Amino acid sequence: MRLRVPFLCSLVLICGLLLGSAASAQDWRTPTEIADYRTTPDYAETVAYLERVASAAPGQVKVENFGKTGEGRDLKIVIVSRDGVFDPVAIHASGRVILLVQNSIHAGEMDGKDACLALLRDMVITKDKAGLLEHAVFVFIPVYNIDGHERRSAYNRINQNGPEAIGWRGNGSNINLNRDYMKADAPETRAFLRMFHRWLPDFFVDDHVTDGADFQYDVTFYADATPDVAPATAKWIHNDVTPELERQLNAAGHVAFPWLINLNDDTDPAKGLTNMPAPPRFSTGQMILENRPGLLVELHMLKDYKTRVTGNYEILRALLEVMNRDASKLMALNREADEDAANLGAHALGNERFPLAIEWGGETTPVVFRGYQYKRALSEVSGTMWVSYTHEPWNATLPLTTGVKVVTWTMPPAAYIVPPQWNRVIDVLAAHDVAMRHTTAAWTGKVERYRCAGMEWQGPPFEGRHPIFEGEGAGAEPGKFGTCALATETMTFPAGSVVVALNQRLSKLAIQWLEPEAPDSAMRWGFFDPIFEQREYGEAYVLEKLARENMAKDPALKGEFEHRVQTDPRFAASPEARLEFFYDRSPWGLANKVGEYPVGRLLSLEGVPLE
Ligand SMILES: [Zn+2]
């Protein structure tokens, strides 16, 4: 029989289509799985995979934009909900908790992205993990620092063992987004905060890859349970979450450690491990101010990519199991933490101390550390001791710094009042959705205010600024926080001043931004630098006259000057300083108001004309 050509063609076409569609319908491997973990997908491939899953499970997966990066790329979240309810209020009303997972804030550390693609597939395509959506909704940012993620190279992270081409730590303007949560300089941070407050998730995870030492663990993690975390939440994290994550990871064949591993001495692992609390510039520090539990996940940089991605997968899976089990408890804890925060301002006249800065308290706990054998030798390159690791196990009991202490604290006022010309300070509060009211008329009244002196700014830049930090980053010239003394004074605030009352869920955020000594305050980050600048000055021939007149009138002033000349050689050698001594103590000098913090602390809102 002679086959007609058109018939043959259509047969080939149909068979081809059938074969093709059968293959694509069955192949739900993620891009990195297809590449056998040698590569990680770029953003376009990542989004293509997400959209393919979303169109195969439209009732359970939604991909939403939440803003743009500096270079103009669309920031996306993926929402995975078993019944197609994608609204956060409706989700909470149905008794389900929301997990928000952030990936690739440091875009060379993209393990969590590839883990989330696999977890998404297992929830809604293969449905092996569909049970994790019973009492929880899974929301994730596949890539947060997209501009950094697309700056792909094999040379971006010298410490890390693959995959082949990876992204960059900074964003498009080389800002480290994981130091930007408080000051919110980057467009990504601004978009994150808007999205975060729309979702107000019950638990937040930030996925990273380590730098630092070599050891056996492939998954290390840390959830803050420090004195600034709501006490009941801290107890739940410590007793119920952390041990369960560790147990489940080890049961799944990974080697887990529930602390971040920082060596006390990089040249000698035997000297023990440090674990420091995160101030608000970090994502997990920010979560403390948001009254939500936050988990930092760090996969070990030298493990192969498959081990890392599956380790990241397992910790998210285990956390979702805990969240499903404790869903109603977690919602109650978050409600209680919000209520506690909203009550902070009520203690204005009490003795309630609020911790501003927390540091290691000197206590250590012995832990069995699963490290690697190492050799120490004097290096002719660096001139100091260096460590070379073998891959032979070294299980040693080491001191781990676990104790923390509050080093700076404040008594919260009822409210702060910020004059309207400090618009950049107010703008950051607005970016954080802090509730504010404006005054309708000028107001004069008694407030507590700080007078600050002795500040020194950091020399080399840190995150694009020269903050009053004691040597963050490459601080060859560390700054120094001087003193801020509180006194009750009568001050006048213009109409349109902003009043930030502390009876709100974001009270801790307002305190951390507006209390000068807080580790990430507006003052530390340089937003109040102009108050330390002297605007007017006296000419030498004018001050010569002033000095003579004032010494004649005031013998004590004369004595003080002469004592200073005798005891302070730098002062004695500076003609300018000797004349400024008299200017600074005169009404003309005091008119400069150097160091007078313009924000007032209100102990009550009585009499303040508010809109
Ligand atoms: Zn990182």
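Each value, and the rule that gives it
Residues numbered from 1 in each chain as written. Predicted model: local features only at pLDDT ≥ 70, side-chain atom pairs only at ≥ 80, totals over all residues. Heavy atoms only, no water. Helix = DSSP H or I, 4+ residues; strand = E, 2+ residues; numbered from the N terminus. Buried < 20%, exposed > 50% of the residue type's maximum accessible area, 1.4 Å probe, protein only. Contact = heavy atoms within 4.5 Å. Phe/Tyr/Trp six-rings, centres within 6.5 Å; stacked < 30°, edge-to-face > 60°. Pairing = 2+ DSSP bridges. Axes fitted to C-alpha atoms, helices over the stretch in contact; angles between N-to-C directions. Core = buried A, V, L, I, M, F, W, Y, C linked by side-chain atoms within 4.5 Å.

*Asks:* Outline the environment of Tyr144, supporting the account with residue identities and numerical values.
*Replies:* Take Tyr144: it is sitting in the loop between β4 (136-141) and α6 (146-149). A relative accessible area of 0% means that Tyr144 is categorised as buried. Between the C-alpha atom of Tyr144 and that of Arg247, which follows or precedes it by 103 residues, the distance is 29 Å. Here Tyr144 is in contact with Leu75, Gln102, Asn103, Ser104, Ile105, Leu177, Tyr181, Glu188, Thr189 and Phe192, once residues within four sequence places are set aside.

*Asks:* Tell me what's going on with the packing of aromatic side chains, and back it up with residues and numbers.
*Replies:* Two measures describe an aromatic ring pair: the distance that separates the ring centres and the angle between the ring planes. Under the definition given, this model contains 31 aromatic pairs. Centroid distance Phe215 to Tyr217: 6.0 Å. Interplanar angle 55 degrees. Geometry classified as tilted. Considering the side-chain rings of Phe528 and Tyr597, the 4.9 Å spacing of their centres and the 70 degrees angle between planes classify their relative orientation as edge-to-face. Highlighted residues: Phe528 in the loop between α13 (507-514) and α14 (540-553) and Tyr597 in the loop between α18 (587-590) and β20 (600-602), separated in sequence by 69 residues. The same class applies to Phe528 and to Tyr597, which are both buried.

*Asks:* I'd love a proper account of the sheet that holds strand β5 (residues 203-209), names of residues and values included.
*Replies:* Pairing is mixed across the open sheet formed by eight strands, whose spatial order is β1-β2-β4-β3-β5-β10-β6-β7. The sheet terminates laterally at β1 (61-68) and β7 (256-257), the two strands that pair on one side only. Both strand β2 (residues 74-80) and β4 contribute to a ladder of three bridges, which runs antiparallel. When the sheet's bridge partners are listed, Val80 is paired in β4 with Phe138. Contacting β5, β6 (219-223), β7 and β10 (294-299), helix α8 (residues 231-251) runs over the sheet at an angle of about 170 degrees to β6.

*Asks:* Outline the nonpolar core, supporting the account with residue identities and numerical values.
*Replies:* Counting 56 residues, the largest nonpolar core has Val80, Phe138 and Leu295 as its most contacted members. Looking at which element gives the most residues to this core, the answer is helix α10 (residues 305-325), with ten residues. If you look at the next biggest cluster of nonpolar residues, it comprises 40 residues, including Leu356, Cys484, Ala510 and Trp525.

*Asks:* Run through α13, naming residues and quoting values.
*Replies:* Of all eight residues that make up α13, eight are buried, and the element is covered over most of its length. Restricting attention to buried positions, one finds in α13 the residues Ser507, Lys508, Leu509, Ala510, Ile511, Gln512, Trp513 and Leu514.

*Asks:* Requested: an account of the environment of Val434, with residues and values cited.
*Replies:* Here Val434 shows up in the loop between α12 (423-431) and β16 (437-438). Relative accessible area serves as the criterion here: at 5%, Val434 is assigned to the buried category. C-alpha of Val434 to C-alpha of Ala501: the two residues are 67 residues apart in sequence and 9.4 Å apart in space. Every residue in contact with Val434, bar those within four places of it in the chain, is listed here: Leu429, Val500, Gln504, Leu506, Leu509 and Ala510.

*Asks:* Give me the lowdown on the pairing of strand β15 (residues 415-418), citing residues and values where you can.
*Replies:* Across the two faces of β15 the burial is the same, with Ala415 and Ile417 and Tyr416 and Val418 all buried. For β15 and strand β19 (residues 498-501), the ladder comprises four bridges, and the chain directions are antiparallel. When the bridges of β19 are listed, Ile417 appears paired with Val499. Pairing analysis gives three bridges linking β15 to β20, with the strands arranged antiparallel. Residue pairing in the sheet places Ala415 in a bridge with Leu602 of β20.

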